[in-house]
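The primary structure of each chain is shown beneath.
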Amino acid sequence: MIIILQPDIDRKGDEVSTLLNYLETKPAITPRFHQIKGEDRTVSEIYLLGQTTELDEDEIEQFSGVERVVRVSKPYAVLGRHRGDIRSSGFTYNGVTFNQDNFHLFAGLCAIDTPAHVEEMMKHLKDYDQVCTRMGAYKPRTNPYSFQGLEADCLPWVFELAGKYGLRVIAMEVTHGSHVSEILEALEATGHPTGVILQIGTRNTQNFELLKEVGRQQQLPVMIKRGFGITLDESLNAAEYLASEGNHKVIFCLRGMKTHMGDPHRNFVDFAHVPVVKRLTLMPVGIDPSHSVGTREQAADGLLDIMHTTAQGIIAGANMALVDFHPQPQKALVDGPQALRLEELPLFLEDIAIVRQAYESRKKIGEKMRNL
Ligand code: PEP
Ligand code: MN
């Protein structure tokens, strides 16, 4: 059960303590207070864990300071979208808002390699008004002898370059709790020139201890990939692990499923699930067409398969896209064959703008459907 409190309520005030005293009289209930500081208002909620079936929501709604009581109708208590839910989706991080209504492109290097490549990439992003990017420092590889990423050593210069080119958010995969500390230390040491969204890769979607550790820190938001061989429900439960530990700033990213049914693509594209995840949860939903498709193969109409796949996700309402680019794909140390070239960025952005516009028009049809 979720008790949504009046906006800007004082956590230490009489209204909250009267309510908490009442809840304490209820057996087998653990209240967890949660506050989200937004740009213009602070939202406070109390999550009730345990035997909530006996609780009377009407009685709780009578308490002064309570805006609404929502009964949890899905296993994803915090991130799920429940019946009668009035909580809004998303969050603002380092000046950039992520929610189920807007869209951000995270174009960038699959793996950080040289300062020259990183700088060229970032300069190009700035030239096209982009404020987000993807940059991998810790790479989980199938083969233990493959390049594993430059790890902590590259973080200071990557963050400084990001600051130089006005990039506000870098999506960066972590595979171990120590990576989170290394990122936080490097951000601190460089004076926070940029921000980082921690990425949980598909191979770690059900690494529960990693999820708990990443969820316990609340400084950096998290983008969790769908597990490539598990059900959607299992992946959404994995996302809920992050929130259950306190970090509600979570983006869910589809990236294709591992099966040969997707051949000749690297994975079977699952972007039909974009609206499904938006219906089941409050999370902004991302797509990763690069790791879904896995090649820069060109369709008969001249558009790359990755562009077609991106369009499929965006026309269905995706809120972010994670796309591999490289100034010299043939020299990339990881996933060069699926990287787009820098000169392809403006056409890619043009294509994205067309489908995003189409989605906005489709939403108006949705409004009419709702009112039929
Ligand atoms: C990546 O985004 O670099 C990556 C490894 O993705 P995934 O975890 O989806 O394979
Ligand atoms: Mn990759």
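Use the structure listed above.
Our subject in this report is the structure included herewith. What you are looking at is a predicted structure, and each value in this text was computed from that prediction instead of being measured.

This paragraph deals with the nonpolar core. L105, F159, M172 and I183 are the most contacted members of the largest nonpolar core, which has 93 residues in total. When residues of this core are assigned to domains, at least three fall in each of domain 1 (2-71) and domain 2 (92-370). When sequence neighbours within four positions are dropped, the list of residues in contact with L105 reads Q130, C132, A321, V323, L345, F348, L349 and I352. One finds L19, I29, I46 and L55 within the second-largest nonpolar core, a separate group that totals 17 residues.

What follows concerns the pairing of strand β14 (residues 320-324). Counting buried residues along β14, five of its five residues qualify, which places the element largely inside the surrounding structure. Residues M320, L322 and D324 point to one face of β14 and A321 and V323 to the other, with burial holding for every one of them. As paired strands, strand β7 (residues 104-109) and β14 are joined by five bridges and run parallel to one another. Across the sheet, G108 pairs through a bridge with D324, a residue of β14.

Attention now goes to the sheet that holds strand β2 (residues 29-37). Read from one edge of the open sheet, four strands run β2-β3-β1-β4, paired in antiparallel fashion. Single-partner strands in this sheet number two, and they are β2 and β4 (66-70). In this sheet, neighbouring strand axes are inclined to one another by 20° on average, regardless of whether the strands run parallel or antiparallel. Pairing of β2 with strand β3 (residues 42-50), which is carried by nine bridges, proceeds in the antiparallel orientation. Counterpart to T30 in the pairing with β3 is L49.

Once that is clear, we can look at the site of ligand 1. Ligand 1 sits among C110, R134, K139, E173, Q199, G201, T202, R203, K225, R255, D288 and H291. Within the contact set of ligand 1, an oxygen atom lies 2.9 Å away from a side-chain nitrogen or oxygen of K139. In this structure, K225 approaches ligand 1 through a side-chain N or O atom, which is 2.6 Å from an oxygen atom. In isolation ligand 1 offers 290 Å² of accessible surface; the protein chains occlude 97% of this area. Counted by class, the shell around ligand 1 contains one nonpolar, four polar and seven charged residues.

At a closest axis distance of 8 Å, the pairing of helix α10 (residues 305-315) and helix α11 (residues 345-371) adopts a crossing angle of 25°. Judged on the interaxial angle alone, α11 and α10 are roughly parallel. Crossing handedness for the pair α10 and α11: right-handed. Judged by residue contacts, M307, T310, A311, I314 and I315 of α10 engage L347, F348, D351, I352, V355, R356, A358, Y359 and R362 from α11.

This part covers the packing of aromatic side chains. Applying the stated rule across the entire model yields five aromatic pairs. Here the aromatic residues F91, F98 and F106 are joined through ring pairs into a cluster of three or more. The ring centre of F228 lies 5.0 Å from the NZ or CZ of K258, which sits over that ring.

Along the polypeptide, H124 turns up in helix α3 (residues 115-127). The spatial distance from the C-alpha of H124 to the C-alpha of K331 is 18 Å, given a sequence separation of 207 residues. Apart from the residues within four sequence positions on either side, H124 is in contact with L342, E343, L345 and P346. Of note is the side chain of H124, whose polar atom sits 2.8 Å from the backbone oxygen of L342.

Bringing the coordination of the manganese ion (ligand 2) into the picture now. Protein ligation of the manganese ion (ligand 2) involves C110 (SG), H291 (NE2) and D335 (OD), the donor distances falling in the range 1.9 to 2.2 Å. Within one chain, the residues serving as donors to the manganese ion (ligand 2) are arranged as C-x180-H-x43-D. Taken together, the residues C110 in the loop between β7 and α3 and D335 in the loop between β14 and α11 connect sequence positions 225 residues apart. Take C110: its relative accessible area is 4%, and that puts it in the buried class.

Below, the discussion takes up the pattern of salt bridges. Across all of its chains, the model carries 16 salt bridges by this definition. A salt bridge links E344 to R296; its shortest N-O distance comes to 2.9 Å. Of this pair, E344 sits in the loop between β14 and α11 while R296 sits in the loop between α9 (289-293) and α10, and the two are 48 residues apart along the sequence. A salt bridge links R356 to E360; the shortest N-O distance between them is 2.8 Å. Of this pair, R356 and E360 both sit in helix α11, four residues apart, which is roughly one turn of that helix. Accessibility expressed as a relative area gives 30% for E360, which makes it partly exposed. A single salt-bridge network, built from bridges that share partners, covers R296, R341, E343 and E344.

Each value, and the rule that gives it
- Residues numbered from 1 in each chain as written.
- Chains lettered and ligands numbered in written order.
- Predicted model: local features only at pLDDT ≥ 70, side-chain atom pairs only at ≥ 80, totals over all residues.
- Heavy atoms only, no water.
- Core = buried A, V, L, I, M, F, W, Y, C linked by side-chain atoms within 4.5 Å.
- Buried < 20%, exposed > 50% of the residue type's maximum accessible area, 1.4 Å probe, protein only.
- Domains from an automatic or database assignment.
- Contact = heavy atoms within 4.5 Å.
- Helix = DSSP H or I, 4+ residues; strand = E, 2+ residues; numbered from the N terminus.
- Pairing = 2+ DSSP bridges.
- Axes fitted to C-alpha atoms, helices over the stretch in contact; angles between N-to-C directions.
- Near = heavy atom within 4 Å.
- Polar contact = N/O pair within 3.5 Å; in protein donor to acceptor, adjacent residues only side chain to side chain.
- Areas by Shrake-Rupley, 256 points an atom, 1.4 Å probe, with all protein chains shown as cover.
- Nonpolar A, V, L, I, M, F, W, Y, C, P; charged D, E, K, R; others polar.
- Parallel < 35°, antiparallel > 145°, perpendicular 65-115°, else oblique.
- Left-handed = near helix turned anticlockwise from the far one by under 90°.
- Phe/Tyr/Trp six-rings, centres within 6.5 Å; stacked < 30°, edge-to-face > 60°.
- Lys NZ or Arg CZ within 6 Å of the ring centre and 35° of its normal.
- Donors = N, O, S within 2.8 Å, 3.2 Å for Na, K, Ca; no water.
- Salt bridge = Lys/Arg side-chain N within 4 Å of Asp/Glu carboxyl O.

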